[in-house]
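What follows is the residue order along each chain.
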Amino acid sequence: MAFLGSAVRRVVLAARPPLSPLCRTSTRSYSTEQTKEKNVPYEKTLKQDEGVSSGPTKPLPRSADAVVIGGGSLGCQTVYHLAKMGMTNVVLLERDRLTAGTTWHTAGLLWQLRPSDVEVELLAHTRNVISKDLEEETGLHTGWIQNGGLFIASNKQRLDEYKRLMSLGKVYGIESYVLSPAETKDLYPLMNVDDLYGTLYVPKDGTMDPAGTCTTLTRAASARGAMVIENCPVTGIQVRTDDLGVKRVKAVETAHGTIETPCVVNCAGVWATKLGEMAGVKVPLIAMHHAYVVTERIEGIQNMPNVRDHDASVYLRLQGDALSVGGYEQNPIFWDEVSDKFAFSLFDLDWDVFMQHIEGAINRVPVLEQTGIKSTVCGPESFTADHKPLMGEAPEVRGFFLGCGFNSAGMMLGGGCGRELAHWIIRGRPEKDMYGYDIRRFHNSLTDNARWIRERSHESYAKNYSVVFPFDEPLASRNMRKDPFHQVLTEQGCVFQERHGWERPGWFNKDGPAPVKDYDYYGAYETKKNVNYKYNELLGKEYTFDFPPHHDVIKSECLSCRHGVAVFDMSYFGKFYLTGPDAKKAADWLFTADVNKKPGSTVYTCMLNKRGGAEADLTVSRLEPGTANLPLAPESNGDAYYLAIGGGVAEHNWNHIRTVLQDQGFHCHLTDFSEDMGMISIQGPKSRAVLQEVLDTDLSNEAFPFSTHKVVNAAGHQVRAMRLSFVGELGWELHIPKDSCLPVYNAVMAAGAKHGIINSGYRAIDSLSIEKGYRHWHADLRPDDTPLEAGLAFTCKLKGSIPFQGRDMLEKQKKEGLKRKIVCFTIDEKVPMFGLEAIFRNGVPVGHLRRSDYGFFIDKTIGYGYIRNPDGGVVSADFIKTGEFTLERMGVTYKAKAHIRSPFDPENNRVKGIYA
């Protein structure tokens with residue numbers, strides 16, 4: 001029998017031949033004593049006996065409303081929720097038997113608390129489905145076991161993270177407790193607690209059974225009319241092109257027949273990339289070996305909670321009277337040659353890679369050192385660039401949906417994500433804010449970039465158990481998209497952030513340049529580790545839930561903008577032109593605001609989904625018709641619009657607009673000039689004095705009012721100047737052809753020198769904008785928020801009669817009254833908040849902060865969050881004014897003041913150039 005302790009010693013003593021970079025798949029055996037048994041720890045799997053007929057388990061229908069491909073957790077959850085929502089003419093195709101790919105060997109853990117409100121909600125739905133709904137519907141037990149979960153903290157930052165989760169859990173009614181080491185020992189007597197700061201205990205966490213869950217799901221779906229067909233591999237996806245030139249799903253091909261369908265759902269897991277290729281769809285995921293070992297019986301382990309020791313990168317899953325031990329290592333093995341024949345199969349375990357988990361497990365539960373290894377489980381899993389799933393309609397082909405890339409969390413996220421996919425398919429959009437999972441969160445230039453997929457997926461895997469700090473940045477695949485200012489800003493100490501592949505300024509380090517280097521895989525695969533890496537060192541100083549060491553640097557950038565003048569490089573913005581014969585009709589329907597003012601106007605507006613949720617906020621500038629002057633102006637004989645959109649969500653916006661144009665049949669041209677222009681924003685009381693020396697136009701309020709734009713000369717170069725502000729100050733944006741960017745920037749900095757002009761970054765923008773009360777899309781404005789709830793009713797043309805997408809829902813909401821509403825809060829204590837802090841009214845949880853930062857001008861922490869009336873009634877101004885509010889940060893409560901209007905310049909004087 002192999003023992004965990006001896007396995008560690010053998011691996012340490014063994015000679016280690018060099019690793020070939022990134023893709024070693026061979027296994028070394030260090031002792032004949034090591035177990036050769038490879039098997040999952042479940043009593044039942046769905047594997048067929050040898051010799052059983054391999055043909056389809058049912059005849060194929062000629063057509064279906066949707067075909068779900070892949071019979072793992074996601075496929076089964078999706079077909080179940082589609083059927084439950086009324087789409088009964090739906091087919092699930094599985095190439096082998098249900099669960100055969102990756103689901104059958106999953107550890108099946110479910111943890112209820114995550115550092116994301118949406119994920120908490122998704123996990124709650126999964127738990128309800130498997131612990132209650134399915135049993136009520138079918139009378140069958142899914143295999144759910146509620147044994148609780150225990151998160152281990154070996155340092156202060158980790159315990160702080162757990163306290164943040166506990167505070168968020170209170171908003172959702174999730175029972176959790178922060179335990180001392182002694183209390184942890186009482187709960188889990190076999191645990192070593194000598195090196196602990198504390199733990200987070202969640203009693204209603206648990207484990208799922210793959211075969212039991214998937215069998216029950218498909219039985220419930222079949223009872224509603226869905227068809228589940230096993231042993232039926234897909235061989236092709238037919239795509240047609242419609243009259244507008246749009247590619248759409250036509251049919252699914254198999255060796256046993258073709259199913260006509262307008263909708264395919266790719267739930268093929270590790271094999272999802274190959275399935276995507278059949279339809280010309282990019283699926284950016286990568287396969288890796290992911291492993292755990294199953295121990296022999298351990299006396300006293302029965303009924304213990306599952307354990308996640310993040311700092312040791314190991315988990316311990318209760319398996320009856322034994323444990324499954326696994327984790328995430330720095331040097332995972334890539335599975336580059338994905339085989340179509342791999343079903344109910346496992347790899348040999350590479351002990352050299354796996355041993356670090358055993359060491360951590362033995363430290364946490366010392367009895368494991370003398371415990372035998374019953375079997376090893378090493379199977380393929382799919383991983384993505386940000387360790388989040390790939391969902392939603394593919395940009396390349398209408399009707400082709402993704403439900404894959406679940407980073408070994410497909411069981412616990414399956415229920416929530418299956419329901420959201422069903423909404424996506426049937427109603428066009430999910431109910432929740434699924435942008436963090438939407439394939440459109442990635443720019444199209446990245447989704448087939450092999451280096452980006454591999455490096456980012458590796459880093460996300462290796463850091464899966466790292467503390468989620470508010471201002472962390474990736475090190476992998478940086479410098480993919482750089483604007484014309486990148487080098488000059490690097491030389492001035494710019495510490496860049498990565499968004500959408502772009503390098504954008506975060507803040508400016510006063511101690512010199514801190515360039516981003518090529519990715520070193522954290523020293524894995526014999527890659528030489530980066531040394532003297534200043535950028536990484538600065539990031540490391542951010543790893544705190546307190547104010548970072550450069551808090552005063554960001555303060556200086558903010559106050560320079562408030563009192564003087566600052567320049568912000570915003571070149572990563574999306575820059576689109578909307579033209580064509582139906583451009584005006586499209587603009588009326590797309591945008592909540594009336595953008596059809598006279599040419600030269602610029603309007604801040606939202607775009608909505610059919611449920612009235614905000615899919616975007618942006619500025620739309622109406623252009624003069626005329627000949628092309630690219631990139632500053634497109635050719636247009638009629639209506640033309642220039643759209644400027646936050647760069648991190650440009651792909652999402654592009655696809656939303658394109659989808660609406662297609663659905664409405666508008667004849668328009670949408671063109672992307674994001675890479676062709678740079679953009680700098682000059683903001684502050686002294687911005688007019690600086691720019692008046694650079695631009696050849698009168699910048700007075702009368703000649704150049706707020707929310708207008710014009711093409712002007714700047715230091716001999718044509719630019720489009722817009723009088724706008726995202727920080728609440730007098731200021732202008734300059735949209736500049738890329739070859740003119742540096743001359744114009746140099747002229748601005750030269751003119752601004754006597755006024756004390758400085759460079760500022762997005763960390764300052766975050767602070768300045770929240771201080772002013774401006775929204776950030778996907779933070780305090782999301783697809784599940786309406787403009788009315790978000791305090792943006794002024795962007796909606798509800799007083800007129802012009803129809804726009806989502807208008808009917810807004811009118812209904814306005815008539816019924818708002819059941820939830822955004823509120824601004826400030827606290828007097830000098831403590832940082834980052835979002836997810838719980839909001840209490842008169843001691844009752846009513847919501848949580850979506851976004852928070854420090855406002856340096858008002859010298860307070862500011863947070864914005866949506867609150868509800870616990871009675872289900874309307875959230876009125878009186879409800880807000882009469883409540884006593886507190887915010888809970890990491891278990892500590894702070895008295896908060898609620899504001900109906902922004903506490904900074906509520907009269908909007910400063911953007912008008914009016915300074916007292």
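Residues numbered from 1 in each chain as written. Predicted model: local features only at pLDDT ≥ 70, side-chain atom pairs only at ≥ 80, totals over all residues. Heavy atoms only, no water.

1. Quick look at the confidence of the model for the protein
Alright, step 1. Across the protein, the average pLDDT comes to 94, with 95% of residues at or above 70.
Alright, step 2. Predicted confidence is poor over residues 10-33, with pLDDT under 50, and the contacts of this stretch with residues over four places away or in other chains come to 46 contacts. (pLDDT = per-residue confidence, 0-100. Contact = heavy atoms within 4.5 Å.)

2. Examining the packing of aromatic side chains
Alright, step 1. A complete count under the given rule lists 35 aromatic pairs for this structure.
Alright, step 2. Here the aromatic cluster, defined as three or more aromatic residues joined through ring pairs, consists of Phe334, Tyr519, Tyr521, Tyr522 and Tyr525.
Alright, step 3. Above the plane of the ring of Phe334 lies Arg454, whose end atom (NZ or CZ) is 4.1 Å from the centre.
Alright, step 4. One residue, Arg562, lies across the ring of Phe904, its end atom 3.9 Å from the ring centre. (Phe/Tyr/Trp six-rings, centres within 6.5 Å; stacked < 30°, edge-to-face > 60°. Lys NZ or Arg CZ within 6 Å of the ring centre and 35° of its normal.)

3. Description of the pattern of salt bridges
Alright, step 1. Under the counting rule described, the total for this entry stands at 54 salt bridges.
Alright, step 2. Arg398 is paired through a salt bridge with Asp663; the nearest N and O atoms lie 3.2 Å apart. Note that Arg398 is positioned in the loop between β18 (390-393) and β19 (400-404) and Asp663 in helix α15 (residues 650-664), a separation of 265 residues in sequence.
Alright, step 3. According to the relative accessible area criterion, Arg398 is buried, its value standing at 13%.
Alright, step 4. Taking relative accessible area as the criterion, Asp663 reaches 41% and is therefore assigned partly exposed. (Salt bridge = Lys/Arg side-chain N within 4 Å of Asp/Glu carboxyl O. Helix = DSSP H or I, 4+ residues; strand = E, 2+ residues; numbered from the N terminus. Buried < 20%, exposed > 50% of the residue type's maximum accessible area, 1.4 Å probe, protein only.)

4. So, the sheet that holds strand β28 (residues 677-683)
Alright, step 1. With mixed pairing, six strands are arranged side by side in an open sheet as β29-β30-β31-β28-β22-β32. With partners counted over all chains shown, the strands left at the sheet margins are β29 (709-714) and β32 (758-760), one partner each. The sheet shows a mean angle of 30° between the axes of neighbouring strands, taken without regard to direction.
Alright, step 2. One ladder, built from four bridges, connects strand β22 (residues 566-569) with β28; its direction is antiparallel. (Pairing = 2+ DSSP bridges. Axes fitted to C-alpha atoms, helices over the stretch in contact; angles between N-to-C directions.)

5. With respect to helix α14 (residues 583-590)
Alright, step 1. Among all positions of α14, only Ala583, Ala586, Ala587, Asp588 and Leu590 are buried.
Alright, step 2. Each element contacted by the buried residues of α14 is listed here: β23 (574-579), β24 (602-608), β26 (641-645) and α15.

6. Looking at the environment of His778
Alright, step 1. In this structure, His778 sits in the loop between α18 (762-772) and α19 (807-816).
Alright, step 2. With residues near it in sequence (within four places) discarded, His778 still touches Asp433, Tyr435 and Gly436.
Alright, step 3. At a separation of 3.0 Å, a polar atom in the side chain of His778 contacts the side chain of Asp433. (Polar contact = N/O pair within 3.5 Å; in protein donor to acceptor, adjacent residues only side chain to side chain.)

7. Regarding the pairing of strand β10 (residues 247-254)
Alright, step 1. Judged from the seven bridges that link them, strand β9 (residues 234-241) and β10 form a sheet pairing that is antiparallel. Pairing of Thr241 across the sheet is with Lys247, part of β10.
Alright, step 2. Bridging between β10 and strand β11 (residues 257-260) involves four bridges; their strand directions are antiparallel. Looking at the pairing, Val252 lines up with Ile259 of β11.
Alright, step 3. The antiparallel pairing of β10 with β11 creates a hairpin that spans two residues between the two strands.

8. Observations regarding the UniProt feature "domain: GCVT N-terminal" (unreviewed entry) in the protein
Alright, step 1. With numbering matched to this structure, UniProt assigns "domain: GCVT N-terminal" (unreviewed entry) to residues 485-799.
Alright, step 2. As annotated, residues 485-799 has a helix share of 25% and a strand share of 24%, and its two end C-alpha atoms lie 43 Å apart. (UniProt positions renumbered as here; feature names shortened; annotations may be inferred.)

9. Overview of the sheet that holds strand β14 (residues 306-309)
Alright, step 1. Strand order in the open sheet formed by eight strands is β5-β6-β4-β14-β15-β16-β13-β17, and the pairing between neighbours is mixed. Each having just a single partner strand, β5 (177-179) and β17 (373-384) make up the two edges of the open sheet. With direction set aside, neighbouring strand axes in the sheet form an average angle of 20°.
Alright, step 2. Bridging between strand β13 (residues 285-295) and strand β16 (residues 322-327) involves three bridges; their strand directions are antiparallel. Across the sheet, Val294 pairs through a bridge with Ser324, a residue of β16.

10. Let's talk about the UniProt feature "domain: FAD dependent oxidoreductase" (unreviewed entry) in the protein
Alright, step 1. Summarizing the sequence annotation, UniProt attributes the feature "domain: FAD dependent oxidoreductase" (unreviewed entry) to residues 65-424 in the numbering used throughout.
Alright, step 2. Between the first and last C-alpha atoms of residues 65-424 the distance is 14 Å; the span itself is 30% helix and 28% strand.

11. Comments concerning the environment of Thr882
Alright, step 1. For Thr882, the location among the structural elements is in the loop between α20 (877-881) and β37 (885-889).
Alright, step 2. As a C-alpha pair, Thr882 and Asn842 span 40 residues in sequence and 9.5 Å in three-dimensional space.
Alright, step 3. One polar contact links the side chain of Thr882 to the main-chain carbonyl oxygen of Asp878, over a distance of 2.7 Å.

12. A short note on the domain arrangement of the protein
Alright, step 1. Domain assignment breaks the protein into domain 1 (66-103 + 211-284 + 387-441), domain 2 (450-544), domain 3 (574-673 + 786-805) and domain 4 (806-911).
Alright, step 2. Just the C-alpha atoms count here: the centres of domain 2 and domain 4 sit 34 Å apart. (Domains from an automatic or database assignment.)

13. Focus on the pairing of β37
Alright, step 1. Taking burial as the measure, the five residues of β37 include four buried ones, the bulk of the element.
Alright, step 2. One ladder, built from four bridges, connects strand β34 (residues 838-841) with β37; its direction is antiparallel. Within the sheet, the bridge partner assigned to Arg841 lies in β37 and is Phe885.
Alright, step 3. Here β37 pairs with strand β38 (residues 892-899) via five bridges, running antiparallel. Bridge assignment links Glu888 to a residue of β38, and that residue is Thr893.

14. Some points on empty space enclosed by the protein
Alright, step 1. Evaluation of the coordinates by the stated rule reveals eight cavities of 30 Å³ or more.
Alright, step 2. Space inside the largest cavity adds up to approximately 330 Å³.
Alright, step 3. Lining the largest cavity are 28 residues, and of these Tyr328, Asn407, Ser408, Ala409 and Met412 sit closest to its centre.
Alright, step 4. For the lining of the largest cavity, the secondary-structure elements that each account for two or more residues are β13 and α9 (410-427).
Alright, step 5. With four residues, the top contributor of residues to the lining of the largest cavity is α9.
Alright, step 6. Across the lining of the largest cavity, the residue classes tally to 14 nonpolar, nine polar and five charged. (1 Å grid on protein atoms, 1.4 Å probe; cavity = no way out; pocket = protein on both sides within 12 Å on 5 of 7 lines; lining within 4 Å. Points joined across faces, edges and corners; volume = space filled by probe spheres on them. Nonpolar A, V, L, I, M, F, W, Y, C, P; charged D, E, K, R; others polar.)

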